Structure formats: structure tokens, C-alpha cells
Amino acid sequence: YDPKDRTQNVNVQVLSPVAAQDLTEAAYREFLKGMDQQFSDLPGFRKVSARVGRLLDMASLEYVHEWTRADGVRLSQKQLRTGKAGREVAITFSARTEAYDKADETCFRIIANTLTLD
């Protein structure tokens, strides 16, 4: 995270083993529906984008949304999920909405571009 702004952070999780059929583009499309429902309850929720595709040779999901915290801070968040061989990785990036694009370009995209699962 950025020590000057704790709203800006990246969280990487290796999730519990999942079945190979849960790491397909079709499965991620279904997962997106649940994300829409889950996040729609956030104050000021706005879905910016969502897509399912390929990252390297792996099915992947990218979901970007905004919401307003109880203290009035507007946040943007991107979640990337991907995996293979029963291992799934979820990377979540958050930043104040006004700083999001710059932080995404200088931090999150670099992390996502280095992702490999061996």
C-alpha cells in the first residue's frame, strides 16, 4: 500500500484449491453475476467494467467498480481472478477514485503483467 494514502493498496491471495471446471471462462461469467449482486449493495456503487477472457493461457476475470465509504471517500477497485491446475489467484487493487488511473498504471498493471502460475 501507499503509506501516504492507506486507501491505495494491492492484495494478492492464493485461494483454496478449486476444481478445474471452476477455472473456465464459462465459470467466471457465472461468477460475475454474483459479484454484481454482492457489490450492488455498496453505497454509491457503480460498475465501471467487467470482462472475462484470457491472461496468458488461463481463463481470467477482471471486475472494476466504484463506491463511497461511510466517511465519504470515493474508492475505485479492480479485482483480477485467474488460475490453473486447481490454484486460483485473486488480486485486488483499490485507490481513491481521483488517484486510481495513475496508481493502476504505475503499480497494479505492473503486478498483473508479471503474473505466472507454474
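Here the structure is a predicted model, which means the values were calculated and not measured.

Rules used throughout
Residues numbered from 1 in each chain as written. Predicted model: local features only at pLDDT ≥ 70, side-chain atom pairs only at ≥ 80, totals over all residues. Heavy atoms only, no water. Phe/Tyr/Trp six-rings, centres within 6.5 Å; stacked < 30°, edge-to-face > 60°. Buried < 20%, exposed > 50% of the residue type's maximum accessible area, 1.4 Å probe, protein only. Core = buried A, V, L, I, M, F, W, Y, C linked by side-chain atoms within 4.5 Å. Helix = DSSP H or I, 4+ residues; strand = E, 2+ residues; numbered from the N terminus. Contact = heavy atoms within 4.5 Å. Expected span 1.5 Å × (residues − 1). Arc of directions from axis to C-beta.

Novice: What am I meant to see in the packing of aromatic side chains here?
Specialist: Each aromatic ring pair is summarised here by two numbers: the centre-to-centre distance and the angle between the ring planes. Within this structure, the stated rule accounts for 3 aromatic pairs. Taken together, a centroid distance of 5.2 Å and an interplanar angle of 35 degrees make the contact between Phe93 and Tyr100 tilted. On the accessibility criterion, Phe93 (1% relative accessible area) is buried. With a relative accessible area of 8%, Tyr100 lands in the buried category. Ring geometry for Phe93 against Phe108: centres 5.4 Å apart, planes inclined by 25 degrees, an arrangement best described as stacked.

Novice: How should I be thinking about the nonpolar core in this particular structure?
Specialist: Taken as a class, soluble globular proteins show a tendency for nonpolar side chains to be buried jointly. Listed in full, the 10 residues of the largest apolar core are Val64, Leu80, Val89, Ile91, Phe93, Ala95, Tyr100, Ala103, Phe108 and Ala112. Among the secondary structure elements, those contributing two or more residues to this core are strand E5 (87–96) and helix H2 (100–113). Beyond its immediate chain neighbours, meaning those up to four positions away, Tyr100 contacts Val64, Ser76, Gln77, Lys78, Phe93 and Ala95. Core analysis: the next-biggest nonpolar cluster, separate from the first, contains 8 residues, Leu23, Met35, Ala59 and Leu61 among them.

Novice: What exactly am I supposed to notice about helix H1 (residues 25–39) here?
Specialist: Three or four residues apart is the spacing at which side chains of an α-helix point the same way, because the helix has 3.6 residues per turn. Here H1 contains 15 residues, and its C-alpha end-to-end distance of 21 Å stays within 8% of the 21 Å for a straight helix at 1.5 Å per residue. Those residues of H1 not exposed but buried are Tyr28, Leu32, Met35 and Phe39. The buried residues of H1 occupy an angular sector of 65 degrees when the element is viewed end-on, so they sit on one face. Close packing links the buried residues of H1 with strand E2 (46–55), strand E3 (58–68), strand E4 (74–84) and E5.

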